[in-house]
Amino acid sequence: MDTTRLLVVGAGAIGRTHIDRIRRTPGLALAGIADPSDAGRALAESLGAPWAPDHVSALDRFQPQGAIVATPNPQHVPMALDCLARGVAVLVEKPLADSVAEAQQLVDAQVRSGVPVLVGHHRRHNPINQQARQTIASGKLGRLVGANAMACFYKPQGYFDMAWRREPGGGPVLINLIHEIDMLRFLCGEIEQVQALASNAVRGFAVEDTAAALLRFENGALGTVLLSDTAVAPWCWDFCAGEQDQYPRQDVNALFIAGTEGSLSLPDLSLWRYLGERHWHHPIVREQRTALKADPYKRQLQHFAAVIRGEEAPLCSALDGLRTLQATRALLDAAASGQSVTCPVSTP
Ligand SMILES: NC(=O)c1ccc[n+]([C@@H]2O[C@H](COP(=O)([O-])OP(=O)(O)OC[C@H]3O[C@@H](n4cnc5c(N)ncnc54)[C@H](O)[C@@H]3O)[C@@H](O)[C@H]2O)c1
């Protein structure tokens, strides 16, 4: 297999995860690191990797086949556009952009250039979600009726020392819940309508600490979502899916999907069904499926390499990134206005 050379732009928390996985994955090589910080330069030196202070000179000097944009959100779209202009495929971290209009700009540029864009909603690469998607598509749940996602966790006070995390845009809806929204879209289909409430009653910051939302999917199913970054609770994908070592593993579920023929909980992949007649007086049988374990960050990069080689279509396209952002922003708009918000289906 040919080696795919990847540039990492932004060597912060998630950039380092990508660098680590590139270095540990056969068939991938680190083409270089672009990060103006002393820490970024020091990391490149320690790894013996080429370093540049900015992405443009890195793209031109290191000639990567793909670039990973892992910088703060406002830089995602301008940097991705620079990659597309050079014909370099790009993996853009989530959220695709700060605003839907900016995300649309990238969607349009992708269509014009034909250069692939993959958005870093890494949970799509978790085999648990892929198995769940197959189970739903196979019809085992019947017609989807509803879904419930829980995202409750406790962020320590020190997390909020950085002022932007206390301001609108830095809150748990856009930072964290966007992952649940993308999972729900991946598993249950497009979200067309959102109602929501948000609260800052516990922390008292300008940004929300808790939010609850009602969703209507295009296929008619309904959804509920509860998010809090100030709740001591185990019901959160990061805790129960075991994707990152920094979150001690909890043996609970965080996502529940119900249909007319059966229901599925995740991540344990229990399928609940009647063996005979569907009747609330009969026992429901629990079928435990084997949840395959694999590192979604590594799988995402292997997929990115296959996308670059033209062998696979992006599992999370620029349009997916846009729609996930649109639904997440709709939740904030609905909470702010007290009105129901519809998510227009935008086409490139
Ligand atoms: N998919 C995930 O699991 C996941 C997890 C965490 C963060 N993220 C996303 O990744 C992005 C980065 O988050 P983070 O937590 O790693 O942030 P961070 O602050 O830890 O790192 C950002 C890095 O970008 C560098 N940087 C800033 N400006 C730059 C520029 N002009 N050129 C090159 N490098 C520059 C900074 O020096 C820093 O090293 C955010 O968009 C965030 O939402 C995704």
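The rules we used
- Residues numbered from 1 in each chain as written.
- Predicted model: local features only at pLDDT ≥ 70, side-chain atom pairs only at ≥ 80, totals over all residues.
- Heavy atoms only, no water.
- Axes fitted to C-alpha atoms, helices over the stretch in contact; angles between N-to-C directions.
- Helix = DSSP H or I, 4+ residues; strand = E, 2+ residues; numbered from the N terminus.
- Parallel < 35°, antiparallel > 145°, perpendicular 65-115°, else oblique.
- Left-handed = near helix turned anticlockwise from the far one by under 90°.
- Contact = heavy atoms within 4.5 Å.
- Nonpolar A, V, L, I, M, F, W, Y, C, P; charged D, E, K, R; others polar.
- Near = heavy atom within 4 Å.
- Polar contact = N/O pair within 3.5 Å; in protein donor to acceptor, adjacent residues only side chain to side chain.
- Areas by Shrake-Rupley, 256 points an atom, 1.4 Å probe, with all protein chains shown as cover.
- Pairing = 2+ DSSP bridges.
- Salt bridge = Lys/Arg side-chain N within 4 Å of Asp/Glu carboxyl O.
- Buried < 20%, exposed > 50% of the residue type's maximum accessible area, 1.4 Å probe, protein only.

1. Notes on the packing of helix H1 (residues 13-24) against helix H9 (residues 296-308)
- The N-to-C vectors of H1 and H9 enclose an angle of 70°; their axes lie 9 Å apart at closest approach. Of the possible angle classes, the one that applies to H1 and H9 is roughly perpendicular. The handedness of the crossing between H1 and H9 is right-handed. Counted together, Ile14, Thr17, His18, Arg21, Ile22 and Arg24 of H1 and Tyr297, Lys298, Gln300 and Leu301 of H9 form the full contact between these two elements.
- Considered class by class, the residues forming the contact of H1 with H9 number 4 nonpolar, 3 polar and 3 charged.

2. What to know about the site of the ligand
- In the vicinity of the ligand there are 24 residues, among which Asp35, Asn73, His76, Lys94 and Tyr297 approach most closely.
- Residue Glu93 places a side-chain N or O atom 3.0 Å away from a nitrogen atom belonging to the ligand.
- Within the complex, the protein chains bury 72% of what would otherwise be the 850 Å² of accessible surface of the ligand.
- Elements supplying a minimum of two residues to the shell around the ligand: H1 and helix H4 (76-85).

3. Topic: the sheet that holds strand S8 (residues 191-199)
- Here we have 9 strands laid out as an open sheet, ordered S14-S13-S12-S11-S7-S10-S9-S8-S15, and mixed in their pairing. The open sheet has two free edges, formed respectively by strand S14 (285-288) and strand S15 (341-342), since each of these has just one partner strand.
- Sheet topology note: the S8/S15 ladder contains 2 bridges and is antiparallel. Across the sheet, residue Val194 finds its bridge partner in S15, namely Val341.
- Contacting strand S7 (144-152), strand S11 (255-259), strand S12 (263-266) and strand S13 (270-273), helix H6 (residues 127-137) crosses the sheet at an angle of about 175° to S12.
- Strands in contact with helix H7 (residues 172-188) are S7, S8, strand S9 (210-217), strand S10 (222-228), S11 and S12; relative to S7, the strand with the most contacts, it is inclined by about 155°.

4. Here's the deal with the pattern of salt bridges
- All chains considered together, the criterion is met by 19 salt bridges.
- Here Arg21 and Asp20 are joined by a salt bridge, their closest N and O atoms 2.8 Å apart.
- By relative accessible area, Arg21 is classed as buried at 14%.
- Owing to a relative accessible area of 28%, Asp20 belongs among the partly exposed residues under this scheme.
- In this structure, Arg41 engages Glu45 in a salt bridge whose closest nitrogen and oxygen atoms are separated by 3.6 Å. Linking Arg41 with Glu45, this pair stays in helix H2 (residues 38-47), spanning 4 residues, or about one helical turn.
- Its relative accessible area of 42% is what places Arg41 among the partly exposed residues.

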